[in-house]
Amino acid sequence: MRNAWALRIRDGDARALARAATGIENRDREALDVLRELAPFAGHARIVGITGPPGAGKSTLIDSLAAAIRERKKTVAVLAVDPSSRVTGGAILGDRIRMQQHHADPGIFIRSMATRGEAGGLARATADVARLMDRAGKDYVLIETVGAGQDEIDISELAQITVVVLVPGMGDDVQVIKAGIMEIASIFVINKADQPGADRVEQELHAALGLASGTEPPVIRTVATEGSGVAELLDAIEKEEPEKTGALRSCASDLRAGVAIDHLGIAVESLATTIPFYESLGLQVGRRETVTSEKVNVAMLPAADARIELLEPSAPDSPISHFLTKRGPGLHHLALRVPDLNAAVEQLRTSGVRLLNEPRAGAGGHIYVFVHPASTGGVLLELIQESK
Ligand SMILES: Nc1nc2c(ncn2[C@@H]2O[C@H](COP(=O)(O)OP(=O)(O)OP(=O)(O)O)[C@@H](O)[C@H]2O)c(=O)[nH]1
Ligand SMILES: [Mg+2]
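What you see is a predicted model; the values in this text were computed from it and never measured.

Asker: Can you explain helix α2 (residues 14-25)? Please cite residues and give values.
Answerer: Between its first and last C-alpha, α2 extends 17 Å over 12 residues, near the 16 Å set by a 1.5 Å rise per residue. Among the residues making up α2, those that are buried are Ala16, Leu17, Ala20, Ala21, Gly23, Ile24 and Glu25. Put simply, Asp13 is the residue that caps the front of α2, since its side-chain oxygen is 3.0 Å from the backbone nitrogen of Arg15. One or two positions beyond α2, positive phi appears at Arg27, with a value near 55 degrees.

Asker: Just give me the short version of the coordination of the magnesium ion (ligand 2), but keep the residues and values in it.
Answerer: For the magnesium ion (ligand 2), every protein donor is listed as Ser59 (OG) and Glu144 (OE), and the spread of their distances is 2.0 to 2.1 Å. Residue Ser59 is found in helix α4 (residues 58-71), and its partner Glu144 is found in strand β4 (residues 140-146); the two are separated by 85 residues along the sequence. In this pair, the class of Ser59 matches that of Glu144, namely buried.

Asker: Provide a residue-level description of the site of ligand 1, including the pertinent values.
Answerer: Around ligand 1, the structure places 18 residues, and the nearest of them are Gly57, Lys58, Ser59, Thr60 and Ala224. At 2.8 Å, a side-chain N or O of Lys58 approaches an oxygen atom of ligand 1. Considering ligand 1 on its own, with 650 Å² of exposed area, one finds that the protein chains cover 75% of that surface. For the shell around ligand 1, the elements supplying multiple residues, two or more each, are α4 and β4.

Asker: Account for the sheet that holds strand β9 (residues 287-291), naming residues and giving values.
Answerer: Reading across the sheet, the 8 strands line up as β9-β10-β11-β8-β12-β15-β14-β13 and stay open at both edges, with mixed pairing between neighbours. Bordering the open sheet on either side are β9 and β13 (360-361), each of which pairs with just one other strand. Bridging between strand β8 (residues 260-267) and strand β12 (residues 330-338) involves 7 bridges; their strand directions are antiparallel. If you follow Ile261 over to β12, its bridge partner there is Leu336. With respect to the sheet, helix α14 (residues 319-327) is in contact with β8, β10 (296-303), β11 (306-313) and β12, its orientation differing from that of β11 by roughly 85 degrees.

Asker: Any details on the pairing of strand β5 (residues 161-166)? Residues and values, ideally.
Answerer: For a regular strand, the rule is simple: side chains alternate between the two faces of the sheet. Here β5 lies mainly inside the structure; 6 of its 6 residues are buried. By the alternation rule, side chains of β5 split into Ile161, Val163 and Val165 and Thr162, Val164 and Leu166, which are all buried. In the sheet, strand β1 (residues 46-52) pairs with β5 via 4 bridges, with the strands oriented parallel. By the bridge assignment, Val48 is partnered in β5 with Ile161. Pairing geometry for β5 and strand β6 (residues 187-190), over 4 bridges, is parallel. Within the sheet, the bridge partner assigned to Val163 lies in β6 and is Ile187.

Calculation criteria
- Residues numbered from 1 in each chain as written.
- Chains lettered and ligands numbered in written order.
- Predicted model: local features only at pLDDT ≥ 70, side-chain atom pairs only at ≥ 80, totals over all residues.
- Heavy atoms only, no water.
- Helix = DSSP H or I, 4+ residues; strand = E, 2+ residues; numbered from the N terminus.
- Expected span 1.5 Å × (residues − 1).
- Buried < 20%, exposed > 50% of the residue type's maximum accessible area, 1.4 Å probe, protein only.
- Polar contact = N/O pair within 3.5 Å; in protein donor to acceptor, adjacent residues only side chain to side chain.
- Donors = N, O, S within 2.8 Å, 3.2 Å for Na, K, Ca; no water.
- Near = heavy atom within 4 Å.
- Areas by Shrake-Rupley, 256 points an atom, 1.4 Å probe, with all protein chains shown as cover.
- Pairing = 2+ DSSP bridges.
- Contact = heavy atoms within 4.5 Å.
- Axes fitted to C-alpha atoms, helices over the stretch in contact; angles between N-to-C directions.

Next comes the structure, spelled out in structure tokens:
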């Protein structure tokens, strides 16, 4: 590590860490470089999302949980996410006051994050700050978000373990929540168990879970204001097998450094009938070729920095013929250009992602690898080494 700022963070300098977090929220180049510099340390922390309806006691619970973590001599970062839609000032202020008792403790890092205006900006900043905390060496990263409907940030995308907080009096709301966040819960908490109706909500929950298949996640009752049940919650979190995908996501920011869309591959029955449509939009065929090894005729139509790649089978046993038979014409693959293909491949492998081939040279001599659609949201993904 050559970056002095990054070195200070690894030395446990809390101010250097806080400054990096702010820089990352502001998409400051130097701070993002620090994040990349720390990449070798990725994957240490347990990233725990705490989600649930407004006022469920998430902040109070996190406060107690942080204290319990510190008692076990572990370090923790707390990120509270406040989408602009619900920033009244009160929530963040309340959290600050509550958290003040921890402020003297360098083992706890606390940050409230509000939206930066840009769509998806909060999610991205939160993810990167969480990665920073992981790479800085924190043992736990706790992220508070409001779930159920207000999906400014999809916590399950980021967290390895997702704790869904329910409260008495939710009644049929449990059924409603089921549609959204039931699936992502690794652990359920019934907070405010000191209030009437805890039994009822637990029954509703079990009924809802009973309808779903698979093993039931643990259900833990807490009274966050008194800290009861919190040790059990921490035990459950420690026992959970962190999702593998989390590790991949913790690296996404490095991959993103220079990632660009290279092209979109579209499988077509006939180039001759498809090309005129794209030409009518003002695109022009830049290159045509037949790739004999893949049995495909290719037409490349440059569009700004990327290209549209039309793929027509050149033989009945072409992979594109199979695709057309199975799925019909349409998006065949997405190709992304990455700055360091070998590093990307290594990270994907460590994360258990399915690669379809060893990196190899394709048309035009570029090196590429295919990633199975199961890992990418359903589309075949081609990763291409950016030419130096
Ligand atoms: N009786 C009781 N009250 C609780 C409990 N946990 C939290 N509260 C209270 O519930 C209120 C809301 O708590 P918060 O921790 O701010 O809830 P939150 O889910 O973080 O709220 P938002 O961030 O605004 O969505 C506060 O007045 C807490 O003191 C509990 O276990 N029992
Ligand atoms: Mg809160």
